[in-house]
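What follows is the residue order along each chain.
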Amino acid sequence: MLAMMYDCILIGSGPIHLLEALYLSKQGKRVLVVEEKEQIGGAWATVTHQGLPPLEIGCHIWDIDKKAYAFLRDHLHLNLQPLSPSPAIVYGRFSFPYDWKNMVFLAQNALKHLSKLAIPSFFKALFNSEYYHFSIIPSKYYYPEGGAAELMHQITAQIAKTSIDIVTNASVETLSIDENKVVTVATKRQQWNTKEVVMTSFSAIKSVHNKGEVYELPEPRLRSFIHAHLVFEDNANTPVSYVRLMKHPLIHRVSDITHQLNYTQHTLPGKKVLLVGVHEDSHATMGLPTQKALIISTLHKYFFVGKSAKLLEMHWNTYPTQLMHLETIEHLTTQFSCIRQLHSVNFIHGIAQNCERWQSV
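Now for a description of the structure that goes with this document. (Residues numbered from 1 in each chain as written. Predicted model: local features only at pLDDT ≥ 70, side-chain atom pairs only at ≥ 80, totals over all residues. Heavy atoms only, no water.)

### Notes on the pattern of salt bridges
To keep it simple, the criterion reads: Should a side-chain nitrogen of Lys or Arg be within 4 Å of a carboxyl oxygen of Asp or Glu, the pair is scored as a salt bridge. Numbering goes from the N terminus for both helices and strands, where a helix is a DSSP run of H or I of at least four residues and a strand is a run of E of at least two. Only protein chains enter the area calculation, which uses a 1.4 Å probe; residues under 20% of their type maximum are buried, those over 50% are exposed, and those in between are partly exposed.
Following the criterion strictly, the structure yields 8 salt bridges and no others. The partner of Glu-196 in a salt bridge is Arg-340, with the nearest N and O atoms 2.8 Å apart. Taken together, the residues Glu-196 in the loop between strand S13 (191-194) and strand S14 (197-199) and Arg-340 in strand S22 (residues 339-341) connect sequence positions 144 residues apart. Arg-340 gets classed as partly exposed once you look at its relative accessible area, which sits at 23%. Residue Lys-272 pairs with Asp-234 through a salt bridge whose shortest N-O separation is 3.9 Å. Separated by 38 residues along the polypeptide, Lys-272 in strand S20 (residues 271-278) and Asp-234 in the loop between strand S17 (221-233) and strand S18 (242-246) bring together distant segments of the chain. Each member of the pair, Lys-272 together with Asp-234, is buried. Linked by salt bridges that have partners in common, Glu-20, Glu-196, Arg-340 and Arg-357 make up one network.

### Observations regarding the sheet that holds strand S10 (residues 165-167)
Applied cut-off: Strand pairing is assigned whenever DSSP detects at least two bridges linking the two strands. Note on definitions: angles span 0 to 180 degrees between N-to-C directions of axes, and those axes are lines fitted to C-alpha atoms, for helices only across the stretch in contact. Residue contacts are defined here by distance: any two heavy atoms, one from each residue, within 4.5 Å place the two residues in contact.
Taken together, the 5 strands give an open sheet; going across it, the order is S10-S3-S2-S14-S22, and neighbouring strands pair in parallel fashion. Two strands in the sheet have a free side with no partner beyond their single neighbour: S10 and S22. When the angles between neighbouring strand axes are averaged without regard to direction, this sheet yields 20°. Pairing between strand S2 (residues 8-11) and strand S3 (residues 31-34): 4 bridges, direction parallel. Along S3, the bridge assignment pairs Ile-11 with Val-34. Packed onto the sheet, helix H8 (residues 326-335) meets S14 and S22 and runs at close to 135° relative to S22.

Here it is as structure tokens:
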């Protein structure tokens, strides 16, 4: 049986890829999206725990870009709301506006070199211009009222009106390019032909076959993003939006997603739902009871919950990823004109880079 022929196959189903698929489909192209997991959305997928609506799987914060915000409002019809209170960074006993994160990273990086008496590296880190962009007055950060669930609902609603094909539970293993630059995209059970492949740094392909030669790709870096959803009985007014914790032995991020329940009309009066991201190494070495106790004590310590808050539920979720090496991606996209990369690690940057092109059709 001949493999199905497409104009473009996108490996991975994160929002950037889905928006690219919409753009190509509007141009009259035949498009396929192949996703290795059961649910589309990549890191913007949701998880459902018993008695709770779909919740985003990880702590998210969007960078500030007016052009990207305008596209998300006008073309995806997202109800973007300012995060309140302003996102923050907690470094030990001190709290800083999230805008200062680059300066915090600068100081942390420079001091690391100084502690090793690496003076040239210290000055190089100290004067790295990449970190000298911050605002003294905290900026307004925006995020959809319904979080990842709202984002994915709006995108999939548009996809439903197109002829875009989507295949899930399918991990692409090989790309085979013939003399006519037709690419055969193959999983263990299926294969399709296409004129173009679009991939991201998370499209962990094993090998590329080109005119009889086989390029075995390096093993990708494996990384898991681990989060816990915690439901508290908490009537105290202890507002928090998004906080990045530095130097904490377990936690790296905390976000309050209680308001996202309004989008699904699933209110929990007197309840607070927090999402806590933890370090992968710490999660692997600490016992779960220890982690639970440390998370709860930290939430109380920084007043993310009230003094009398009672934990009702706690649910863990793990999102495993395979990150291709930058050199591998550059080699593929340079060597083969039929392979293209879309940057998707930073969502807002990805939107800003592509929104004018997407709006042109």
